[in-house]
Amino acid sequence: MFLSPFPDVDIPSLSIYDYLFTGLAEDDLDRVAVIDGSSGASMTYRTLIDQINRVAGALAARGVGPGTVVGLLCPNIPAFTSVFHGILRTGATVTTINSLYTADDIENQLTDSGATWLFTLSPLYPAAHEAAVAVGLDDAHMFVLDGAGGHLSLADLLGEDAPAPVVEIDPATHIAVLPYSSGTTARPKGVMLSHRNLVANVEQARGLLTVVADDRLLAVLPFFHIYGMTVLLNLAFKQRSALVTMPRFDLTEFLRIMQDHACSYVFIAPPIAVALAKHPLVDAFDLSSVHTILSGAAPLDGALSDAVAARLGCRMLQGYGMTEASPVTQLIPQNALDVSPDSVGYTIPNMQCKLISTATGAEIDLPAEGMSEPGELLVRGPNVMLGYLGNEQATHEAIDAEGFLHTGDIATVSAEGVVKIVDRSKELIKYKGYQIPPAELEALLLTHPAVADAAVIGVLDDDGQEIPKAFLVVTVSGAVTAEEIMAYVAEHVSPHKKVRRVEFIDVIPKSSSGKILRKDLRARETA
Ligand code: AYL
C-alpha cells in the first residue's frame with residue numbers, strides 16, 4: 001500500500017451548500033463569482049447565493065426535497081451554477097445529464113435515476129421534452145431556464161421569492177449527485193456521491209492546485225461531468241474565484257474568451273492541448289494572463305504538455321481520477337516543479353493506493369528506487385462513492401471488502417510516490433475525455449442488416465488522441481461500406497459516441513466463453 005505523501009486535511013462535516021456558501025465575508029460577497037464568457041454578463045457571490053436560495057425556495061414549495069431526484073440538462077452557462085446548487089440546497093439529488101445526449105440517452109438516465117423533475121435550456125428542449133414525455137414527466141415538472149414551450153423559466157422561479165427550506169443533511173450518507181459512469185463494466189450507472197464526497201474532494205485538491213480568489217478560471221469543460229463539477233464549479237467557489245463559462249468548445253471563441261476575460265487558470269482535456277500546441281490561430285491572441293493549465297480526463301503526452309507550456313509560457317499540470325472518486329485521486333501539484341509531465345503526479349491527501357497484478361491480483365511491491373512494475377491502480381479515501389445506484393453487484397465489483405476502488409487503469413509508481421498511468425484494463429473508450437462504453441456501439445452495429453459481428457475498441461488518431469474504431473464482419477462481402485456504417489451509427493448516437501474508423505475482418509477474435517478478445521484487436525492495431 002502507498003499513501004499520499006501529503007499530510008491529511010480536515011474534512012468539515014457540512015453539506016456542500018454550507019461548505020461553499022455559508023458565512024462569506026462582505027468582501028467575498030462582492031467578488032465576481034461567474035462571468036458569461038460569450039456576453040460578458042457577470043454575477044457576484046451575493047447574487048449567486050441569493051439565486052441559489054430562491055431556486056431552493058421555489059423548488060421546496062413544490063415538494064422537492066430529500067429523496068427527490070432532479071435532472072439537469074444544460075450546457076455551461078451562469079444559470080447552471082445557481083440551479084445546481086439551488087437543487088442541492090433543498091436536500092434533493094441532482095443527476096447531471098450530458099448535453100450532447102440523444103432523447104434515448106436522456107430517457108435512460110431519467111428512468112434509471114428516478115428523476116421526477118427536469119431543468120433544461122431551449123436549444124436542448126426538443127430532446128429533453130421527448131425524453132420527458134417518454135418517462136411520463138408532465139409539463140409542470142419541467143423548467144426551461146430561458147423560457148420555451150410555455151414552461152416556467154429561471155426568472156419565474158427567482159421571482160417567486162419563496163424562502164429556502166431548512167433541511168437536515170447527513171453529509172456522509174446523503175446523496176448529493178448522481179452523475180453517470182460505466183466504470184469498469186459495460187452500462188452507464190448512477191454514481192452515488194454524497195455531500196461529504198464532494199466536500200472532501202475539493203478539500204483534498206485545493207491545497208495542491210492553489211487557485212486563489214483573484215484567479216479567473218475558464219470553464220469550458222462541462223459542469224455536468226464530474227471534472228467540471230468538482231474542479232471548476234465547487235473548487236472555484238470555495239476559493240472565491242471567478243468562473244468564466246463557455247457553453248461549447250470552439251477554438252476561436254475559446255482563445256478570444258481567454259484573452260478578453262484575462263483568464264489565469266484554464267482547465268482542459270488533452271484534445272484542447274493538441275490545439276494549443278499546434279494551431280496557428282493561437283499566435284493571434286494575447287494569452288499572457290494564463291499562468292496555469294490543468295489537463296485531465298484522458299492521457300496527456302509529456303511532450304505535448306511541454307509544448308503547450310513553452311508556447312503559452314505557463315505551468316502545465318495534470319490530474320487523474322474517476323467519476324467514482326468525485327473524481328480527483330492524483331495530481332501534479334502547482335508547486336512541485338520536478339514532477340514529470342508524463343505522470344499524473346502524487347496521490348492527493350487522505351488517500352491510500354495499491355497496485356495489484358492483473359494476472360494474479362497480488363499486491364505489487366513498491367520499489368526502493370525507480371519505477372514499480374505496472375499493475376491495476378486501487379484507491380481508497382473519503383472521496384470514493386457510496387456505490388452505484390440500485391446495483392449492488394456492480395458496487396461490489398468496483399469497491400472491494402477493504403474499501404478500495406478498482407480503477408481499471410494500469411499504473412506504475414515511483415519510489416517517491418509519483419504515479420504514471422500506462423494503460424487501461426477496462427473496456428471503456430475515452431473520446432475527448434467523454435466516456436464511450438464499447439458494448440453500446442457493438443449492440444447498435446449488430447442491428448445493421450449487413451453486420452454479422454462487431455467489436456469496438458479505442459485506437460489513437462494522428463494526434464495521439466483516442467477514437468472509437470469498429471471491427472466488422474459482414475453478412476455478404478461488399479454488402480456495406482465503411483462510410484455507410486459510420487453514417488448509420490451517427491444517426492443513432494450522440495456526436496461524441498460516433499464510430500470514427502471501420503475495418504472489415506473475417507472473424508472477431510473471441511475467448512471460448514464468447515468474450516471479445518480486445519487485446520488481440522489492439523495488438524493488431526499496433527502490429
Ligand atoms: P471519468 N490520464 C490517463 N487516463 C485518465 C486520466 C489521465 N490524466 N484522467 C482520467 N483518465 C481515464 O469517470 C482513466 O481511464 O472521469 C479513468 O479511469 O469520465 C477514466 O478516464 C475516468 O473517466 C482531474 C480532472 C481527474 C479530471 C479527472 C478525471 C475525470 C474523468 C482529475 O483534475
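The rules behind these values
Residues numbered from 1 in each chain as written. Predicted model: local features only at pLDDT ≥ 70, side-chain atom pairs only at ≥ 80, totals over all residues. Heavy atoms only, no water. UniProt positions renumbered as here; feature names shortened; annotations may be inferred. Near = heavy atom within 4 Å. Polar contact = N/O pair within 3.5 Å; in protein donor to acceptor, adjacent residues only side chain to side chain. Areas by Shrake-Rupley, 256 points an atom, 1.4 Å probe, with all protein chains shown as cover. Helix = DSSP H or I, 4+ residues; strand = E, 2+ residues; numbered from the N terminus. Nonpolar A, V, L, I, M, F, W, Y, C, P; charged D, E, K, R; others polar. Phe/Tyr/Trp six-rings, centres within 6.5 Å; stacked < 30°, edge-to-face > 60°. Buried < 20%, exposed > 50% of the residue type's maximum accessible area, 1.4 Å probe, protein only. Lys NZ or Arg CZ within 6 Å of the ring centre and 35° of its normal. Domains from an automatic or database assignment. Salt bridge = Lys/Arg side-chain N within 4 Å of Asp/Glu carboxyl O. Pairing = 2+ DSSP bridges. Axes fitted to C-alpha atoms, helices over the stretch in contact; angles between N-to-C directions. Contact = heavy atoms within 4.5 Å. Parallel < 35°, antiparallel > 145°, perpendicular 65-115°, else oblique. Left-handed = near helix turned anticlockwise from the far one by under 90°.

The name given to the chain in an unreviewed UniProt entry is 4-coumarate--CoA ligase, with Glaciibacter psychrotolerans as the source organism. As stated in UniProt under Sequence similarities (unreviewed entry), the record for the chain gives "Belongs to the ATP-dependent AMP-binding enzyme family."

Undergrad: I'm lost on the site of the ligand in this one. Help?
TA: The immediate surroundings of the ligand are formed by 23 residues, with Gly 319, Thr 323, Asp 409, Lys 426 and Lys 430 found nearest. Within the side chain of Lys 426, an N or O atom sits 2.6 Å from an oxygen atom of the ligand. Protein chains shield 99% of the accessible area of the ligand, which is 660 Å² for the free molecule. Every element with two or more residues in the shell around the ligand is listed here: strand E15 (315–321), strand E16 (328–331) and strand E22 (418–424). When residues in the shell around the ligand are grouped by element, the largest group, four residues, is from E15. Tallied by class, residues from the shell around the ligand come to 12 nonpolar, seven polar and four charged.

Undergrad: Mind showing me how you'd approach unusual backbone geometry here?
TA: Glycine aside, negative phi is the norm for most residues, and most peptide bonds take the trans geometry. A cis geometry characterises the amide bond from Ser 326 onward to Pro 327, with omega recorded as -5 degrees. Mapped onto the elements, Pro 327 comes out in the loop between E15 and E16. For Ser 326, which is not a glycine, the phi torsion comes out positive at approximately 70 degrees. You can see Ser 326 is positioned in the loop between E15 and E16.

Undergrad: Looking at this structure, how should I read the packing of aromatic side chains?
TA: Each aromatic ring pair is described using two quantities: the centre-to-centre distance and the angle formed by the ring planes. Here the structure, examined in full by the defined rule, presents 11 aromatic pairs. Ring centres 6.0 Å apart and planes at 25 degrees place the aromatic pair Phe 80 and Phe 84 in the stacked group. Within this pair, Phe 80 and its partner Phe 84 are both found in helix H4 (residues 78–89), separated by four residues, close to a single helical turn. Of the two residues examined, Phe 80 and Phe 84, each falls in the buried class. Between the aromatic rings of Trp 117 and Phe 143, the centroid separation amounts to 5.8 Å while the plane-to-plane angle is 5 degrees, which identifies the pairing as stacked. In this pair, Trp 117 sits in strand E6 (residues 117–120) while Phe 143 sits in strand E7 (residues 142–144), placing the two residues 26 residues apart along the sequence. Trp 117 gets classed as buried once you look at its relative accessible area, which sits at 9%. A connected cluster of aromatic rings, assembled from ring pairs, spans Tyr 17, Phe 21, Tyr 45 and Phe 237. Arg 89 extends its terminal NZ or CZ atom over the ring of Tyr 17, reaching a point 4.4 Å from the ring centre. Across from the ring centre of Tyr 388, 4.9 Å away, lies the NZ or CZ of Lys 189, which sits over that ring.

Undergrad: Help me out: how do you make sense of the domain arrangement of the chain in this one?
TA: Many descriptions give the size of an interface as the accessible area lost when the pieces come together. Its domain assignment divides the chain into domain 1 (44–168) and domain 2 (428–526). Placing a centre on the C-alpha atoms of domain 1 and another on those of domain 2 gives a separation of 35 Å. Linking domain 1 to domain 2 there are one salt bridge. The shortest N-O distance in the salt bridge between Asp 105 and Lys 497 comes to 3.3 Å. Taken together, the connections running from domain 1 to domain 2 amount to one residue pair in polar contact (both at pLDDT 80 or more). Of the residues in the side of domain 1 that touches domain 2, the class split is two nonpolar, two polar and one charged.

Undergrad: Would you explain the UniProt feature "domain: AMP-dependent synthetase/ligase" (unreviewed entry) in the chain in this entry?
TA: Within this numbering scheme, the UniProt entry marks residues 27–389 as carrying the feature "domain: AMP-dependent synthetase/ligase" (unreviewed entry). Secondary structure across residues 27–389 divides into 33% helix and 21% strand, with the first and last C-alpha atoms of the span separated by 41 Å.

Undergrad: What is the right way to read the sheet that holds strand E25 (residues 451–460) from this model?
TA: Hydrogen bonds along the backbone pair up the strands of a sheet, which may run parallel or antiparallel. Spatially, three strands are ordered E25-E26-E27 in an open sheet, and the strand pairing comes out mixed. The sheet terminates laterally at E25 and strand E27 (501–504), the two strands that pair on one side only. Averaged over all adjacent pairs, the angle separating strand axes in this sheet is 25 degrees, with direction ignored. Bridging between strand E26 (residues 466–474) and E27 involves four bridges; their strand directions are parallel. Its bridge partner lying in E27, Lys 469 is registered against Arg 501. Where helix H14 (residues 438–445) meets the sheet, its contacts fall on E25 and E26, and the angle it forms with E25 comes to roughly 150 degrees. Contacting E25, E26 and E27, helix H15 (residues 482–492) runs over the sheet at an angle of about 130 degrees to E27.

Undergrad: Explain the packing of helix H11 (residues 270–278) against helix H12 (residues 302–312) here, please?
TA: Working note: a packed helix pair is described by the angle between its axes plus the distance between those axes. Packing of H11 against H12 leaves a shortest axis separation of 9 Å and a crossing angle of 50 degrees. One element, H11, and the other, H12, form an angle in the oblique class. Note on packing geometry: the crossing formed by H11 with H12 is left-handed. From H11, Pro 270, Ala 273, Val 274, Ala 275, Leu 276, Ala 277 and Lys 278 reach across to H12, where they touch Leu 304, Ala 307, Val 308, Arg 311 and Leu 312. In the contact of H11 with H12, the residues fall into 10 nonpolar, no polar and two charged.

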